[in-house]
Amino acid sequence: MTSYIESNKDRFVSELLEFLKIPSVSTESSSKEAMYQAANFVKERLLQAGADMAEIKETKGWPMVYGEKMVDASLPTVLVYGHYDVQPVDPLNLWKTPPFEPDIRDGYIYARGASDDKGQMYVHVKALEVLNNSGDVPCNIKFLFEGEEEIGSDNLEPFVEENKDMLAADVVLISDTSIIDNDTPSITTGLRGLCYLEVELTGPDRDLHSGLYGGAVVNPINALVAVLTKLKDENHRITIPGFYDSVAEVSEEERKEMAKIPFDGQAFIEEVGVTVQSGEKGFSVLERVGIRPSLDINGIWGGYTGEGAKTVIPSKAYAKVSMRLVPNQSSDEITQLVSKHIESLAPEGTTIKVTAHHGAEPAVTPIDSVAYQAASKAFMDTFGKNPVPVRGGGSIPIVPMFKKVLGIDTIMMGFGLDSDAIHSPNERFGLFNYIKGIETVPLFYKYLAEESKK
Ligand code: BES
Ligand code: MN
Ligand code: MN
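Here we summarise the structure given alongside this text.

Cut-offs used in this document
Residues numbered from 1 in each chain as written. Chains lettered and ligands numbered in written order. Predicted model: local features only at pLDDT ≥ 70, side-chain atom pairs only at ≥ 80, totals over all residues. Heavy atoms only, no water. Helix = DSSP H or I, 4+ residues; strand = E, 2+ residues; numbered from the N terminus. Buried < 20%, exposed > 50% of the residue type's maximum accessible area, 1.4 Å probe, protein only. Contact = heavy atoms within 4.5 Å. Areas by Shrake-Rupley, 256 points an atom, 1.4 Å probe, with all protein chains shown as cover. Lys, Arg positive; Asp, Glu negative; His and termini not counted. Charge placed at Lys NZ, Arg CZ, Asp CG, Glu CD. Pairing = 2+ DSSP bridges. Axes fitted to C-alpha atoms, helices over the stretch in contact; angles between N-to-C directions. Donors = N, O, S within 2.8 Å, 3.2 Å for Na, K, Ca; no water. Tetrahedral: all angles 85-135°; square planar, octahedral: opposite > 155°, others 65-115°. Parallel < 35°, antiparallel > 145°, perpendicular 65-115°, else oblique. Left-handed = near helix turned anticlockwise from the far one by under 90°. Nonpolar A, V, L, I, M, F, W, Y, C, P; charged D, E, K, R; others polar. Salt bridge = Lys/Arg side-chain N within 4 Å of Asp/Glu carboxyl O. Near = heavy atom within 4 Å. Polar contact = N/O pair within 3.5 Å; in protein donor to acceptor, adjacent residues only side chain to side chain. Phe/Tyr/Trp six-rings, centres within 6.5 Å; stacked < 30°, edge-to-face > 60°. Lys NZ or Arg CZ within 6 Å of the ring centre and 35° of its normal. Patch = residues over 30% accessible without salt bridge, like charges linked within 9 Å, V, L, I, M, F, W, Y side chains within 5 Å.

1. Notes on the overall build of the chain
- Along the chain, the regular secondary structure elements total 13 helices and 20 strands.
- Buried positions account for 55% of the 454 residues belonging to the chain.
- If you take every contact in the chain between residues at least 6 apart in sequence, the share linking residues at least 24 apart comes to 79%.
- Of the accessible surface of the chain, which amounts to about 19900 Å², a share of 50% is contributed by carbon and sulfur atoms.
- Across the chain, the 43 positively charged side chains and the 67 negatively charged ones have centroids separated by 1 Å.

In structure tokens, the structure reads:
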């Protein structure tokens, strides 16, 4: 297998570059052509890689791609999930090379989606080709690639509900997370959930001259800032009553184990140009992003933001506020709780309206399973080191849904790095990581089949 990968490496890279050229930004309705182009690309490549079947499945939103390589009913079945949609590219002027004109520099492929998730999902298409070519596909493999992960996977849950038999599998396999570094492989054993709110605060019924009225009426932007400031205290603890009630506290033993993980928190923040760590008092950087919830303002606007100065007191002010959730917080419950709380904080003379965007539930995955063992052995073979189990800070809405609807656990075998700049300008994916992924995934199937026989 390694010699096949070695001699086809250049083609594997050029196929990914072709995939990365398609601007499949799911947030934009103008992406329609690109979304279908990307879905068709994936479908065709699955067939070329040796899938028995692959087809486009229409949804109310962007299409899914479903494919299968079924070898023998007595073998374990793996459901591979990934997403071909990507985040918007703005701010465009900060990209060194255009986001949809992939460029290879110093061992990295630079493009939107290079790591999240086109590059990582394409690893699985190439892994199928590698196995198929070797003449030994050790597991049944089902592929489900969607185009709406970055917008909350709203149409995927009903799709999974309606296609339980088709999607039945022993384990879900996803590459959409990162490893600690190229010398320290890791397996992501949990994800944070998400609650995303939009806050609209209204004061006077029209925009006002700030000289005529300034000092005599409430200013909605000042009021909104005051409200938002109240959501956390000086120790960065969230002050919303009941917010921590269902947070699963991690035991001292587990925290001791976590502290042994070779993750350099200071280096992690310095890589983004920050020198001082900031977060909930009493927790390490890894704990802050892995096992603790967080609250961030993602956007804030109102009044005059154009060129020059306009002396105005606006009628309204807005903010987008999101929270990362941990087990056993429920996205719906937190949405209710936090919306009511924020509305109750409206200063006299103002009203606040809170609306919720898509959310996601948190997830934890077992480390005592046959599939985890198989993933661990595969990493051992290709990286020469046992992978470290580590909780991920991001969200993948379908992971808890697969568990809820199909009863299947997920193995999150990511190959990216935290420094890949996912969602940011100059997103990248290491050529090393791409090829390592293509080497590691076939071994996962091999060990899963072996471990399942025991
Ligand atoms: N691949 C990421 C999630 C991720 C990244 C998990 C790194 C763990 C480590 C995914 O594409 C993503 O960005 N998810 C969104 C979900 C949201 C849109 C519902 C997120 O986490 O913001
Ligand atoms: Mn992703
Ligand atoms: Mn993403």
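2. Section: the sheet that holds strand β20 (residues 428-430)
- Ordered by their spatial adjacency, 3 strands build an open sheet running β4-β5-β20, and the pairing between neighbours is antiparallel. The outermost strands of the open sheet, each flanked by one partner alone, are β4 (103-105) and β20. Strand-to-strand, the axes of this sheet are offset by a mean angle of 25 degrees, without reference to chain direction.
- Of the pairings in the sheet, the one linking β4 to strand β5 (residues 108-110) comprises 3 bridges and is antiparallel in character. Counterpart to D103 in the pairing with β5 is Y110.
- Its contacts with the sheet put helix α13 (residues 431-453) on β4, β5 and β20, and the angle it makes with β20 is roughly 60 degrees.

3. Focus: the sheet that holds strand β14 (residues 316-325)
- Read from one edge of the open sheet, 4 strands run β12-β14-β10-β15, paired in antiparallel fashion. Looking at the sheet topology across the chains shown, the edges are occupied by β12 (294-302) and β15 (351-356). Pairs of neighbouring strands in the sheet enclose a mean axial angle of 20 degrees, with direction left out of account.
- Direction of pairing for β12 relative to β14: antiparallel, over a ladder of 8 bridges. The residue of β14 that forms the bridge with L295 is M323.

4. Some remarks on the environment of L144
- Of note, L144 is situated in strand β6 (residues 140-146).
- For L144, a relative accessible area of 0% corresponds to the buried category.
- Between the C-alpha atoms of L144 and L167, which are 23 residues apart in sequence, the distance is 8.5 Å.

5. Considering the pairing of β14
- Where strand β10 (residues 193-202) meets β14, 10 bridges bridge the pair, whose relative direction is antiparallel. Paired with C195 across the two strands is M323, which belongs to β14.

6. Structural notes on the coordination of the manganese ion (ligand 2)
- On the protein side, the manganese ion (ligand 2) has H83 (NE2), D116 (OD), D176 (OD) and D176 (OD) as donor atoms, found 2.0 to 2.3 Å from it.
- Bound by 6 donor atoms, the manganese ion (ligand 2) shows angles of 58 to 165 degrees at the metal and therefore irregular coordination geometry.
- Between consecutive donors of the manganese ion (ligand 2), the numbers of intervening residues give the motif H-x32-D-x59-D.
- Between the manganese ion (ligand 2) and the manganese ion (ligand 3) the interatomic distance amounts to 3.6 Å, and D116 serves as a bridging ligand to the pair.

7. As for the coordination of the manganese ion (ligand 3)
- D116 (OD), E150 (OE), E150 (OE) and H423 (NE2) make up the full set of protein donors to the manganese ion (ligand 3), lying at 2.0 to 2.6 Å.
- The sequence pattern formed by the donor residues of the manganese ion (ligand 3) is D-x33-E-x272-H.
- The partly exposed category is assigned to H423, whose relative accessible area is 38%.

8. Overview of the packing of helix α1 (residues 2-20) against α13
- Interhelical geometry of α1 versus α13 gives an angle of 120 degrees and a closest axis separation of 11 Å. Comparing their axes, α13 and α1 come out oblique. Crossing of α1 against α13: the hand is right-handed. Contacts between α1 and α13 involve I5, K9, F12, V13 and L16 from the former and L431, Y434, I435, I438 and E439 from the latter.
- Looking at the contact of α1 with α13 residue by residue, the class counts come to 8 nonpolar, no polar and 2 charged.

9. Overview of the pattern of salt bridges
- Counted under the stated rule, the structure contains 26 salt bridges.
- In this structure, the salt-bridge partner of K320 is E198, at a minimum N-O distance of 2.7 Å. With a gap of 122 residues between them, K320 in strand β14 and E198 in strand β10 connect regions that are remote in the sequence.
- Residue classification places K320 among the partly exposed positions, given a relative accessible area of 24%.
- Judged by its relative accessible area of 18%, E198 is buried.

10. Structural notes on the site of ligand 1
- Around ligand 1 there are 16 residues in total, and E149, D176, R324, S395 and H423 lie nearest to it.
- Here an oxygen atom of ligand 1 sits 3.2 Å away from a polar atom, N or O, in the side chain of H83.
- Take D176: an N or O atom from its side chain is 2.8 Å from a nitrogen atom of ligand 1.
- Burial of ligand 1 by the protein amounts to 88% of the accessible area it has alone, namely 520 Å².

11. Focus on the packing of aromatic side chains
- Overall, the coordinates contain 15 aromatic pairs when judged by the stated rule.
- Feature note: the residues F379, F383, F415 and F432 constitute an aromatic cluster, connected by ring pairs.
- When the ring centre of F383 is taken as origin, the NZ or CZ atom of K436, which lies over that ring, is 5.5 Å away.

12. As for a nonpolar patch on the surface
- The grouping of V225, I297 and I300 at the surface amounts to a nonpolar patch, some 250 Å² of accessible area in total.
- Within the secondary structure, I300 is located in strand β12.

13. Some remarks on unusual backbone geometry
- Cis geometry marks the peptide bond from D116 to D117, where omega comes out at -5 degrees.
- Within the element layout of this structure, D117 appears in the loop between β5 and α3 (118-134).
- In this structure, the amide linkage connecting P327 to the following residue, N328, adopts the cis form with an omega of 0 degrees.
- Mapped onto the elements, N328 comes out in the loop between β14 and α10 (331-344).
- The backbone of D106 sits at a positive phi, close to 35 degrees, despite the residue not being glycine.

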